Every structure is written in C-alpha cells, then in structure tokens.
Amino acid sequence: MASGWRKSDEKQHVVIIGAGFGGLACIRKLRKSPSYRITLIDRNPYHLFAPLLYQVATAGLPEDDIAFPV
Ligand SMILES: Cc1cc2nc3c(=O)[nH]c(=O)nc-3n(C[C@H](O)[C@H](O)[C@H](O)COP(=O)(O)OP(=O)(O)OC[C@H]3O[C@@H](n4cnc5c(N)ncnc54)[C@H](O)[C@@H]3O)c2cc1C
C-alpha cells in the first residue's frame with residue numbers, strides 16, 4: 001500500500017548472527033552504506049574479547065575489561 005511505504009523499506013535487511021570479531025567487523029563495513037538495515041543477534045548481550053580471557057581466569061583483569069555491551 002503506497003501510503004504505508006517508508007524509505008527504510010527500500011533497504012536490504014541483513015541479519016548478522018554473532019557479535020564476535022567477525023560479526024562486528026561485518027557491521028562496521030555495512031553500516032557505512034545507506035543500503036542496508038542491519039540486525040545483530042547474539043545469545044549474549046556483549047562482545048567477548050577472547051584473547052584476554054586467560055588474564056581474567058588468572059585474576060589479572062576484572063571480567064568487564066574483556067566484555068563490552070553491544
Ligand atoms: C583464550 C583465547 C585466546 C585467543 N587469543 C587470540 C589471539 O591472541 N589472537 C588471535 O588472533 N585470536 C585469538 N583467539 C581466537 C579469536 O578469539 C577467534 O579467532 C575469534 O574470536 C573468532 O571470531 P568469530 O567472529 O569467528 O567468533 P567469536 O568471536 O567467537 O564470536 C562468535 C559470536 O557468536 C555468538 N554465538 C555463537 N553461537 C551462537 C548462537 N547459537 N546463537 C547466537 N549467538 C551465537 C557468540 O556468543 C559470540 O559472540 C583466541 C581465542 C581464545 C578462546
């Protein structure tokens with residue numbers, strides 16, 4: 001129906017599953033384009049910076065230093 005048509009309907013909807021390194025890198029690229037509407041899905045509400053996981057495990061860092069809300 002023409003009256004319900006919105007500009008955003010013209011965008012392609014991209015669903016990215018996983019807010020890890022790959023998912024966030026993908027979003028950083030795609031969000032620069034006005035052609036996409038992006039939905040990010042993750043089982044957790046945060047990105048985990050896994051390379052520093054061992055420092056948290058050995059009490060060298062608090063856990064919120066390696067987990068960032070997305
Ligand atoms: C302890 C450790 C140290 C590391 N050190 C290094 C390093 O020094 N240098 C290096 O280059 N690499 C390192 N890596 C490897 C690096 O972390 C991975 O290569 C990288 O995270 C892979 O990115 P990814 O996006 O494929 O997956 P991930 O970063 O693992 O992201 C996957 C995302 O998908 C989500 N997800 C998974 N399954 C589902 C589901 N069913 N539904 C919804 N969401 C889901 C997860 O919650 C997660 O957020 C290390 C890994 C670990 C564990």
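Predicted model only: the values in this text are computed from it and were never measured. (Residues numbered from 1 in each chain as written. Predicted model: local features only at pLDDT ≥ 70, side-chain atom pairs only at ≥ 80, totals over all residues. Heavy atoms only, no water.)

## What to know about the site of the ligand
Now for step 1: Gly18, Ala19, Gly20, Phe21, Gly22, Asp42, Arg43, Asn44, Ala50 and Pro51 make up every residue found near the ligand.
Now for step 2: Within the backbone of glycine 22, an N or O atom sits 2.7 Å from an oxygen atom of the ligand.
Now for step 3: One of the side-chain N or O atoms of aspartate 42 is found 2.5 Å from an oxygen atom in the ligand.
Now for step 4: Burial of the ligand by the protein chains amounts to 42% of its free accessible area of 1,000 Å².
Now for step 5: Residues of the shell around the ligand, tallied by class, amount to four nonpolar, four polar and two charged. (Near = heavy atom within 4 Å. Polar contact = N/O pair within 3.5 Å; in protein donor to acceptor, adjacent residues only side chain to side chain. Areas by Shrake-Rupley, 256 points an atom, 1.4 Å probe, with all protein chains shown as cover. Nonpolar A, V, L, I, M, F, W, Y, C, P; charged D, E, K, R; others polar.)

## Here we look at the side chain of histidine 47
Now for step 1: Turning to its location among the elements, histidine 47 is positioned in strand β3 (residues 46-48).
Now for step 2: Residue classification places histidine 47 among the buried residues on the basis of a relative accessible area of 7%.
Now for step 3: Here the side chain of histidine 47 touches alanine 19 through a polar contact of 2.8 Å, landing on its backbone oxygen.
Now for step 4: Dropping the residues within four chain positions of it, histidine 47 is found in contact with Ala19, Gly20, Phe21, Leu24, Ile66, Ala67, Phe68 and Val70. (Helix = DSSP H or I, 4+ residues; strand = E, 2+ residues; numbered from the N terminus. Buried < 20%, exposed > 50% of the residue type's maximum accessible area, 1.4 Å probe, protein only. Contact = heavy atoms within 4.5 Å.)

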